[in-house]
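Residue-level structure breakdown
This is what each chain is made of:
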Amino acid sequence: MSEFLDIALSFPPVVFSFGLVIVVLYWLTVIVGALDVDIVDVGGDAELDAGGGFWSAFGFGAVPFTVVLSLWITLGWIVTVLGTSWVNSANMFIPPALTGTAVLVAGIGVGMLGAKLLTRPLGRLFEDAPATAHADLVGKVCVVRTGTVTLDAGQAEITDDEGSVLLINVRRSPHEPEGIDEELFARHSKVVVFDYDEAEKVFLVVPVALPPDVVLEA
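The rules behind these values
Residues numbered from 1 in each chain as written. Predicted model: local features only at pLDDT ≥ 70, side-chain atom pairs only at ≥ 80, totals over all residues. Heavy atoms only, no water. Helix = DSSP H or I, 4+ residues; strand = E, 2+ residues; numbered from the N terminus. Buried < 20%, exposed > 50% of the residue type's maximum accessible area, 1.4 Å probe, protein only. Contact = heavy atoms within 4.5 Å. Areas by Shrake-Rupley, 256 points an atom, 1.4 Å probe, with all protein chains shown as cover. Pairing = 2+ DSSP bridges. Axes fitted to C-alpha atoms, helices over the stretch in contact; angles between N-to-C directions. pLDDT = per-residue confidence, 0-100. Salt bridge = Lys/Arg side-chain N within 4 Å of Asp/Glu carboxyl O.

1. Brief notes about the overall build of the chain
Broken down by element type, the chain carries 6 helices and 5 strands. Listing the helices and strands of the chain from first to last along the sequence gives α-α-α-α-α-α-β-β-β-β-β. Each of the 218 residues in the chain was classed as buried or not, and the buried ones make up 34%. In the chain, 57% of the contacts between residues at least 6 apart in sequence involve partners at least 24 apart. When the accessible surface of the chain is totalled, it reaches about 12,800 Å², and 65% of it is carbon and sulfur.

2. Some words on the pairing of strand 1 (residues 141–144)
Where strand 1 meets strand 4 (residues 190–197), 3 bridges bridge the pair, whose relative direction is antiparallel. In the strand pairing of strand 4, Val-143 is matched with Lys-190. Pairing between strand 1 and strand 2 (residues 155–159): 2 bridges, direction antiparallel. Residue pairing across strands places Val-144 opposite Ala-156, the latter belonging to strand 2.

3. A short note on the pairing of strand 2
Across 5 bridges, strand 2 lies against strand 3 (residues 165–172) in antiparallel orientation. Residue pairing for strand 3: Gln-155 is matched across the bridge by Asn-169. Linking strand 2 back to strand 3 in an antiparallel pair, the connection comprises 5 residues, with Gly-163 at a positive phi of about 90°.

4. What to know about the sheet that holds strand 1
With mixed pairing, the 5 strands of this closed barrel are ordered in space as 1-2-3-5-4. Put simply, the sheet's adjacent strands are angled 55° from each other on average, direction ignored. Bridge count between strand 3 and strand 5 (residues 202–207): 3 bridges; the pairing is parallel. For Arg-172, the partnering residue across the bridge sits in strand 5 and is Val-205.

5. Digging into the environment of Val-79
Here Val-79 is to be found in helix 4 (residues 65–90). It is 8.7 Å that separates the C-alpha atoms of Val-79 and Ile-108, two residues lying 29 residues apart in sequence. Ignoring any residue separated from it by four or fewer positions in sequence, one finds Val-79 in contact with Val-103, Ala-106, Gly-107 and Val-110.

6. Brief notes about the confidence of the model for the chain
On average, residues of the chain carry a pLDDT of 79, and 76% of them reach 70 or more. Taken element by element, the predicted model of the chain shows its lowest mean pLDDT in helix 3 (residues 53–57) (52) and its highest in strand 1 (94). With pLDDT under 50 throughout, residues 35–53 is counted as low confidence; its partners more than four residues away or in other chains account for 43 contacts.

7. Things to note about the side chain of Thr-84
Following the sequence through the fold, Thr-84 ends up in helix 4. Owing to a relative accessible area of 6%, Thr-84 belongs among the buried residues under this scheme. Each residue touching Thr-84, except ones within four places of it in the same chain, is listed here: Ile-7, Ser-10, Pro-12, Pro-13 and Val-103.

8. Topic: the pattern of salt bridges
Applying the stated criterion across every chain, the model contains 5 salt bridges. Linking Lys-140 and Asp-161 is a salt bridge whose minimum nitrogen-to-oxygen distance equals 2.7 Å. Here the residue Lys-140 occupies a position in the loop between helix 6 (134–137) and strand 1, and Asp-161 occupies one in the loop between strand 2 and strand 3, the gap between them amounting to 21 residues. A residue is classified by how much of its surface remains accessible, and Asp-161, at 58% relative accessible area, is exposed. Residues Glu-182 and Arg-172 are paired through a salt bridge, measuring 2.7 Å at the closest nitrogen-oxygen approach. Of the two residues, Glu-182 is situated in the loop between strand 3 and strand 4 and Arg-172 in strand 3; the sequence distance between them amounts to 10 residues.

Right under this line is the structure:
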């Protein structure tokens, strides 16, 4: 085990090792959120669309950025760990800096190629998936999945017209009337989407139990 850790924390695997830790933590956060356990809302869209520039040039445009990056880092880490192990066992009379650089280049290249091959079938799934406009979710009831919803953080689960369950970023309105019970925004509470904030890329919500005579401004 110690030998494996030494390799993972040596150059060049260490370049990917820290990234792999972040990837694992990210997907654990996604899973924890799906299992309805309190998580820290990082704000913004969970996934970035690599629609142009560098990513689309390599055919990654149809797949979310986080999926591509996760595959690239994981494959690159595997290649560099295996390559470093082979170099160490071969006892080659080549400067470590030279072999390390070669293994790093191989990890980057093979990782990119492998990510492209693996995301190709996934791209079809994303292309076939029905797109839901933000306006289509306005007026729908959703269930709070974080500990609470505030002006700065919060997530809720909502079902679109196609029957797909989505996890969206939600916020309370800065123009919300005073005196609304905080428990109405607690986890498992039902809230209604009444607007979408284009600037912040979040949905504004109000409790289902809010009196009908109260008017909220976006």
